[in-house]
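# Fold and geometry: a report
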Amino acid sequence: MSPEKEGDTLCFFINGKKVTENHADPETTLLSFLREKLRLTGTKYGCGGGGCGACTVMVSRHQPATKTITHYSVNACLLPLCQLHGAAVTTVEGIGSTKTRIHPVQERIAKAHGSQCGFCTPGMVMSMYALLRNQPQPTMEDITQALAGNLCRCTGYRPIVDGCRTFCQEAECCQVKGGGACCLNGEQTAGEPEPPRLFDKEDFLPLDPTQELIFPPELMLMAEAANPKTLTFHGERVSWVSPASLEELIQLKTSNPKAPLVVGNTNIGPDMKFKGILHPLIISPTRVVELFEVTQTPQGLWVGAGCSLTEVRSLLEKLVPQFPAEETELFRALSRQLGLLGSQQIRNVASLGGNIMSANPNSDLNPVLAAGNCRVSVVSDGGPRQLPLDQDFFVSFGKTLLKPEEILVSVFIPFSRKGEFVGAFRQAPRKESSFSTVTTGMRVLFSEGSRLVQDVSIYFGGMGPTTVSATRTCAALALRSWDDETLSRAYDVLLDELVLPPSAPGGKVEFRRSLTLSFLFKFNLEVLQKLRETVRQKHYMFPPRVCVQNVTTEELPEKMPVRPLPREIQPGLQEFQHVSKDQSDQDPVGRPIMHRSALSQATGEAVYCDDMPPADGELFLALVTSSRAHAKITGLDVREALRLPGVVDVITAKDIPGQRVRKMFDYEEELLTDSEVSCIGQMLCAVVADTRAHAKRGAAAVKVGYEDLPDPVFTFEEAIEKSSFYEPRRRIERGNVTEAFETVDQVHEGEFRMGGQEHFYMETQSMLVVPVGEETEFNAYVSTQWPTLIQDAIAETLSIPSNRVTCHVKRVGGAFGGKVMKTSILACITAVAVWKTNRAVRCVLERGEDMLITGARHPVLGQYKVGFMNDGRIVAADIQYYANAGNTVDESTLVAEKILLHIDNAYNIPNLRGRAAACRTNLPSNTAFRGFGVPQSIVVVENMLNDVAAVLRRPADQIREINMYRGPSVTHYKFEFSPENLLRCWEECKVKSDYAARRRAADRFNRHNRWKKRGMSVIPIKYGVAFSDGFLNQAGALVHIYKDGSVLVAHGGTEMGQGLHTKMQQVASRELHIPPSKIYISETSTNTVPNTCPSAASFGTDANGMAVKNACETLHQRLEPIRQKNPEGSWENWVQAAFLEKISLSSTGFYRGPDLYMDWDKMEGRPYAYFTYGVSCCEVELDCLTGDYRTVRTDLVMDVGRSVNPSVDIGQIEGAFMQGLGLYTLEELKFSPSGLLYTRGPSQYKIPAVCDVPLAFNVYLLPDSHNPHAIYSSKGIGEPVLFLGSSVFFAIKDAAAAARSECGSVGPFPLDSPATPERACLACASPFTQKIPAGKPGSFQPWALNI
Ligand SMILES: Cc1cc2nc3c(=O)[nH]c(=O)nc-3n(C[C@H](O)[C@H](O)[C@H](O)COP(=O)(O)OP(=O)(O)OC[C@H]3O[C@@H](n4cnc5c(N)ncnc54)[C@H](O)[C@@H]3O)c2cc1C
Ligand code: FES
Ligand code: FES
């Protein structure tokens, strides 16, 4: 269809303003319309598939039938623009602004420190705002549900939840006001000074619903207007028709049976975007009233297929209390399932009919609807018909029994009958906002007054290409008594009936099969419990044990409760020290100052790279990447791409005027390769076009010829076998390990594997390179941690001097180590495109491309041998590490070195040997990630200690304590230090967490619960801060004082959410003796501060802080004579006077940094400036039947010295902990056998969400700690805590050990990281998992590589 074709005018409102579009393109989403057309860039792009919530906006509609207005949150990235006719959209810009009035939601999230990099903040704000429009006083459950689909990679969610909690009525605890001891714990005694708080609730604006935008009256009239007409919109490739009646819809579908009916677009949208499926015609049935009708009959409910899942759920929840419980079994099961399906934003638009008709094998609704005997009513030009939703309805993947021209009109949901029970269970990689691994609906009907099964139906999702019925299992249960014998036969039949081949798509074969058994077992427990409740109700009439549906208490001992895991997030504690009484009120150092851009971030005003307006004639760049892991390139055919509309050029390696490679040590990495590829995702060429869509279509049209090369290397084992390593490989040893092994009581050997981790910064790699137009000068606006590297790299690539390239970084939407090396390569390619076309070029990676191309944290294999005495003392340890580095060296050998520097962690092991090798493989190159190898290093060591404890049958914390450094100590690389603060953290953490008493309580819990276990752990960290390459510790700053007294600070560090600019503002404020409000930081740029070092290694504040301090001291000294002349004058007076006296008001600052080094030949050095210490105590509750777990409580004690800004530091602590929790328990990168990364978006790769926040999360900054090595006695904190996320892993392992002991299994056992529900469940070795035969290794090709 051509865009010239005449269509209707689309009419809707955005933020109270009318929008009319005469050429609405059906392929345009609301997100791109907002960002590109209206330049409302507050709404962010994070994934494009409904999985991250960054694009959340609110949609409001007038409902003529009820004369009400509905407000709901939606993902703008999935919402087709054409679907908005008659709607009012509210974006983050529409609710408040720093220029006028900020909205209370924006204010509270910002002031509660819930915005770090800020990229997720507008989405969070809008989810909460939409909730408040419907419920001005929500419950905590409402809040966690509303935020469940919004991901944040920085904060750890706690501060966001606490900011939102202030809207709850029930929040009466003192913690609502901020941090400090909790009144409910009785921790604050009368007369004590109030502990300092992170924020003050009293400062907040009240929520005033009368201030909200009103719904446009014009839209009400539009909605009420009679005789609506068919609407059509035509785009470049797709047309959209929205009929106004069922008859018209039937006609349309008859003549266009292949055209999809788009309602929520949550299935069709991702298909079009990610699979490239093109539908030339889309039919929107949202104005056909029959599809939204709800009718109640004596047998049940007819629910319109167009109703959203949210509407279906509220309908069911409304009806449940109106009927006897026995009639609403199915309603309740469906409602429970709906509560966990997708996110609020998805449920608000996804339709019931769409879920059924998508026939997704993992649909959560279909198994329950089918088990519940639901029916559907369909219509076509042949007339209406009804058919059951049963095993015949779901034909194959994505296909149902309906004919293509048939329309699903409504779904019948019956009332349940007396003696009928319905259950629904699901297990997903993440508890919420995640497609399930296995999902089920089960129903049993007992004959009146007996336990004889009259009818039963069981359906599963996730066990095949579509929803499947366990028909034979049902037959084994039917007409039999519901007892142990029958059920035990049913488990066997089920196991036999639902077989998955060992290489089944999706993998997790053993786990999935075991879940089917666990679910049936859970259903049994639920049925028994319900039967028992029925008995209890009849006690008055029948003596106990002698009643109709008799269930004896022996059948349901207390050891088998079926209650769900706990989920309410409690207010946490955040304890930190007051600043000294002598400190001036104006001096902000040591106080919890809000992130300086938090309000701009919360209002959507903060400008990220891709928010910059387009330059004149700007082009967009899309990359073509390799689809083979190891192959020769035989041809690159770009002709078709060049013929496509909008495509301007294709950039290949031959276009690079200067250096075509980036050099790293003795290795080279090609920017674009045209000869041989060594991983899937390697960059081959780039297409530049006038729009994003055109560039992407162009890239897809490039044809690449390959000739496969033999034997790609993917796994550790393959790399070891082929000696495929990057040099140098490192080794370190103290004592005499070999001899020491001869002297010990016991020796144990073990292995620990841990997967990698995707950075998942919310802002994907983004850059804009603009030619200045003369003398080869360029401005590069890049989201990077290291502007100087970008400058150098572009200059080398274009073969021009560095003084022609300026790199600007205003802010970075999260980085975590991932915006250094690959970013420089992407910037070089973009710069070549600018060079060739002489036009500005923008490159912003899609989430999937970013995950594919840019690499991740290194997966690591650790093999250890440990020698110890029977009293628990470890005398010798020998650890070999392998890191999977991928196809280029990047920083991998440095990561391997850092791994070895941390193998002692907190322990004084007298004979200690470590070796580390970076394996060269045909996977995308891995790179730096927060912690730089330390999280991989120490987890192996801690696992080794756990093994020692298990062998000795002693608590793991005792073994840790016995082996800790004490007194003046020396590391294995001969670095002297005092572990005093480490030991203080350890003791304090045990006290604060009440470890001893809670450990006893957990053991008691475990004795009383067979299928739920509690596990605890206490884990320490000693983390070395600064770069071991001493030259990287230098920093520069430039401070200008303007004549009006305002101050502009520039320094070499980048702001990426870690609050660096806020801390620098505090430093400048203290040194210049002026309030922070007079100080501004605009950006980091290479033309203000040259030759900077990366913002990394937890050293940003230490280095840049000293440089800013140095510059400010100079200025302060220059002003001293002026001040002395006029001591009563103001800052402005002094500045004016200084100007008139020709005193320079601008100064650079410099910090040399410590001269650190590591001599690997001598195995000694001083690679760190100092250590940051911390200890985490964690408790989890584990569902042994499903592997699902919840972190019940976490207490963290951190030694950050004298914190420069406690709110920023606590933010880093909580955020890093949650990122570590993700690393060790949740996040899994999966590769296909040919080396393709499967997990390329939030739908497949799960980072922690609100549902993963510890229910009680307490952070304590160690008091009275001083650090002579860093600014104002503070300590670096960006990275260390990430490792402490492993305390969740070790608590899960502890819980699994308790489960294993039920079957008599004691001693060390393997559990690799991440401890996903799959691994945790299998580690519990329940009778169900034991039943599943494991596939014989080598006899099949697994779905995913075990790298
Ligand atoms: C991020 C995300 C998370 C999700 N999580 C889950 C989850 O946890 N569990 C789960 O079960 N699902 C989940 N889903 C799937 C979601 O529930 C379904 O995509 C949704 O219900 C489909 O409804 P829709 O209105 O958006 O369908 P659309 O995408 O608009 O249409 C889907 C298909 O249904 C057909 N169709 C729609 N209505 C009719 C009708 N009346 N008659 C005939 N055909 C019709 C269309 O032709 C089209 O082929 C998730 C989806 C996303 C994007
Ligand atoms: S960008 Fe829309 S949900 Fe991620
Ligand atoms: S603040 Fe949430 S992603 Fe950065």
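Scroll up to find the structure.
Residue positions are given per chain, counting from 1 as you read along its sequence in written order. Chains carry letters and ligands carry numbers; both start at the beginning, A for chains and 1 for ligands, and go up in the order they are written. It should be noted that, the model being predicted, local features are given only for residues of pLDDT at least 70 and side-chain atom pairs only at 80 or more, the latter also being counted only at that level, while totals for whole chains, interfaces and linings use all residues. Where side-chain values are given, they derive from all heavy atoms of the structure, hydrogens and water being excluded.

This part takes up the overall build of the protein chain. What counts as a helix is a DSSP run of H or I of at least four residues, what counts as a strand is a run of E of at least two, and both are numbered from the N terminus. Of regular secondary structure, the protein chain possesses 38 helices and 50 strands. A compact globule built from 1347 residues would reach a C-alpha radius of gyration of about 34 Å, and the protein chain, at 31 Å, matches this within 12%. Oriented by its inertia axes, the alpha-carbon framework of the protein chain measures out at about 95 × 80 × 75 Å. Exposure categories follow from relative accessible area, calculated using a 1.4 Å probe and restricted to protein chains: below 20% of the type maximum is buried, above 50% is exposed, and the middle band is partly exposed. In the protein chain, which comprises 1347 residues, the share counted as buried stands at 64%. C-alpha atoms define the radius of gyration, and 2.2 Å times the number of residues to the power 0.38 defines the globule rule.

Attention now goes to the pattern of salt bridges. For this analysis, a salt bridge means a side-chain nitrogen from Lys or Arg found within 4 Å of a carboxyl oxygen belonging to Asp or Glu. Applying the stated criterion to the full structure yields 84 salt bridges. Of the charged contacts, one joins Glu202 and Arg197 as a salt bridge, the two residues approaching to 3.7 Å between their closest N and O atoms. Note on Glu202: relative accessible area 53%, which makes it exposed. Owing to a relative accessible area of 22%, Arg197 belongs among the partly exposed residues under this scheme. Between Asp455 and Arg443 there is a salt bridge, with its nearest N and O atoms 2.9 Å apart. Here Asp455, found in strand 18 (residues 453–461), pairs with Arg443, found in strand 17 (residues 438–446); they are 12 residues apart in sequence, far enough to count as distant. Judged by relative accessible area, Asp455 falls into the partly exposed class, the value being 29%. One salt-bridge network, held together by shared partners, links Arg35, Glu36, Lys44, Asp610, Asp611, Glu618, Arg692 and Arg842.

Being paired, for any two strands, means DSSP has found at least two bridges between them. The strand order 2-1-5-3-4 describes an open sheet built from five strands, whose pairing is mixed. On the outer flanks of this sheet lie strand 2 (17–21) and strand 4 (68–75), each paired with one strand and no other. Strand-to-strand, the axes of this sheet are offset by a mean angle of 30°, without reference to chain direction. As paired elements, strand 1 (residues 10–14) and strand 2 share five bridges and run antiparallel to each other. Each bridged residue has a counterpart across the sheet, and for Leu10 the counterpart in strand 2 is Glu21. Contacts between helix 1 (residues 30–37) and the sheet are confined to strand 1, strand 2, strand 3 (56–63) and strand 5 (88–90), with strand 1 contributing the most and set at about 70° to the helix. A fitted line through C-alpha atoms serves as each axis, taken over the contacting stretch for helices, and the angle formed by two N-to-C directions is quoted from 0 to 180°. Contacts are residue-level and defined by heavy atoms, with any inter-residue pair within 4.5 Å sufficient.

Let us now look at the sheet that holds strand 28 (residues 703–708). Strand order in the open sheet made by the three strands is 26-22-28, with antiparallel pairing throughout. Strands with a single pairing partner mark the edges of an open sheet, and in this sheet they are strand 26 (676–677) and strand 28. Taken together, the two bridges between strand 22 (residues 631–637) and strand 26 define a ladder with antiparallel strand orientation. Residue pairing in the sheet places Lys632 in a bridge with Glu676 of strand 26.

All right, on to helix 29 (residues 980–992) then. With 13 residues, helix 29 extends 18 Å from end C-alpha to end C-alpha; this agrees with the ideal 18 Å at 1.5 Å per step. Of all the positions in helix 29, only Asn981, Leu982, Leu983, Cys985, Trp986, Cys989 and Lys990 are classed as buried. Of the surrounding secondary structure, the elements contacted by the buried residues of helix 29 are helix 28 (956–963), helix 30 (995–1008), strand 40 (1012–1025), strand 48 (1170–1183) and strand 49 (1189–1199). Just past helix 29, the residue Asp994 takes up positive phi, approximately 55°. Each residue after the first adds 1.5 Å to the expected span of a helix.

What follows concerns the pairing of strand 25 (residues 667–670). Residue alternation in strand 25 divides its side chains into a buried set, Tyr667 and Glu669, and an unburied set, Glu668 and Glu670. As defined by bridge partners, strand 24 (residues 661–664) adjoins strand 25 across four bridges and the pair is classed as antiparallel. Along strand 25, the bridge assignment pairs Lys663 with Glu668.

Our next topic: the site of ligand 1. As a matter of local geometry, ligand 1 sits amid 30 residues, with Val263, Thr266, Ser351, Asp364 and Leu408 nearest to it. Within 3.5 Å is the distance limit for a polar contact, defined as a pair of N or O atoms, with the added protein rule that one can donate a hydrogen and the other accept it, and that residues adjacent in sequence qualify only through two side-chain atoms. Between an oxygen atom of ligand 1 and a main-chain N or O atom of Gly264, the distance comes to 2.8 Å. Here Gly342 contributes a backbone N or O atom positioned 3.1 Å from an oxygen atom of ligand 1. For accessible areas, the Shrake-Rupley method is used with a probe of radius 1.4 Å. Any residue's cover is judged against the shown protein chains and nothing else. For ligand 1, whose free accessible area comes to 980 Å², the fraction covered by protein is 92%. Only heavy atoms are used to decide nearness, and a residue is near a molecule or strand if one of them lies within 4 Å of it.

Turning our attention to the packing of aromatic side chains. The aromatic pairing rule takes the rings of Phe, Tyr and Trp, using the six-membered ring of Trp, and pairs them if the centres are within 6.5 Å, calling planes under 30 degrees apart stacked, those over 60 edge-to-face and the rest tilted. Scanning the entire structure with this criterion turns up 31 aromatic pairs. For the pair Phe323 and Phe415, a centre-to-centre distance of 4.7 Å together with 45° between the ring planes defines the contact as tilted. Separated by 92 residues along the polypeptide, Phe323 in the loop between helix 10 (309–319) and helix 11 (329–340) and Phe415 in the loop between strand 15 (407–414) and strand 16 (420–427) bring together distant segments of the chain. Residue class for Phe415 comes out buried when judged on its relative accessible area of 11%. In textbook terms, an aromatic cluster arises when at least three aromatic residues are bridged by ring pairs, as seen for Tyr965, Tyr973, Phe975, Phe977, Tyr1168, Phe1171 and Tyr1173. Remark: a charge is flagged as sitting over a ring if the NZ atom of Lys or the CZ atom of Arg is within 6 Å of the ring centre and within 35 degrees of the ring normal. Sitting over the ring of Phe1139, Lys1043 keeps its end group 5.0 Å from the ring centre.

This next bit is on empty space enclosed by the protein. Cavity: a set of points on a 1 Å grid over the protein atoms alone where a 1.4 Å probe fits but cannot get out. Pocket: an open set with protein on both sides within 12 Å along at least five of seven lines, its lining residues, like those of a cavity, having an atom within 4 Å of a point. Grid points are joined across faces, edges and corners, and a volume is the space filled by probe spheres set on the points. For the structure on display, the rule yields nine cavities of 30 Å³ or more. In this structure, the largest cavity spans a volume of roughly 130 Å³. Forming the boundary of the largest cavity are 19 residues, of which His113, Gln116, Ser1207, Val1208 and Gly1211 lie nearest the centre. Among the elements of the structure, helix 6 (158–165) and helix 34 (1206–1225) are those that each provide at least two residues to the lining of the largest cavity. The residue inventory of the lining of the largest cavity, partitioned by class, reads seven nonpolar, 10 polar and two charged. Asp, Glu, Lys and Arg are counted as charged, while Ala, Val, Leu, Ile, Met, Phe, Trp, Tyr, Cys and Pro are counted as nonpolar; the rest, among them Gly, fall into the polar class.

Bringing the packing of helix 5 (residues 140–147) against helix 6 into the picture now. The N-to-C vectors of helix 5 and helix 6 enclose an angle of 135°; their axes lie 10 Å apart at closest approach. Of the possible angle classes, the one that applies to helix 5 and helix 6 is oblique. Handedness of the helix 5/helix 6 crossing: right-handed. In this structure, helix 5 uses Met140, Ile143 and Leu147 to contact helix 6, whose residues at the interface are Ile160, Val161, Cys164 and Arg165. In the contact of helix 5 with helix 6, the residues fall into six nonpolar, no polar and one charged. For classification purposes, an angle smaller than 35 degrees is called roughly parallel, one larger than 145 roughly antiparallel, one from 65 to 115 roughly perpendicular, and anything else oblique. Helix crossings are classified by the rotation of the near helix relative to the far one: an anticlockwise turn of less than a right angle makes the crossing left-handed, while a clockwise turn makes it right-handed.

Moving on: the packing of helix 4 (residues 121–134) against helix 5. In contact at an axis separation of 9 Å, helix 4 and helix 5 are set at 135° when each is read in the N-to-C sense. When the axis of helix 4 is compared with that of helix 5, the two are oblique. For the pair helix 4 and helix 5, the sense of crossing is right-handed. Across the interface between the two elements, Met124, Ser127, Met128 and Leu131 of helix 4 pack against Asp142, Ile143, Ala146 and Leu147 of helix 5.

Here the focus is the environment of Leu477. Residue position: Leu477 is located in helix 15 (residues 471–477). In sequence terms Leu477 and Ser457 are 20 residues apart; their C-alpha atoms lie 9.5 Å from each other. If we ignore the near neighbours within four places in the chain, the residues touching Leu477 are Val453, Val456, Ile458, Trp482, Thr486, Leu487 and Ala490.

So, to be careful, I would describe these as geometric facts and stop short of saying anything about function.
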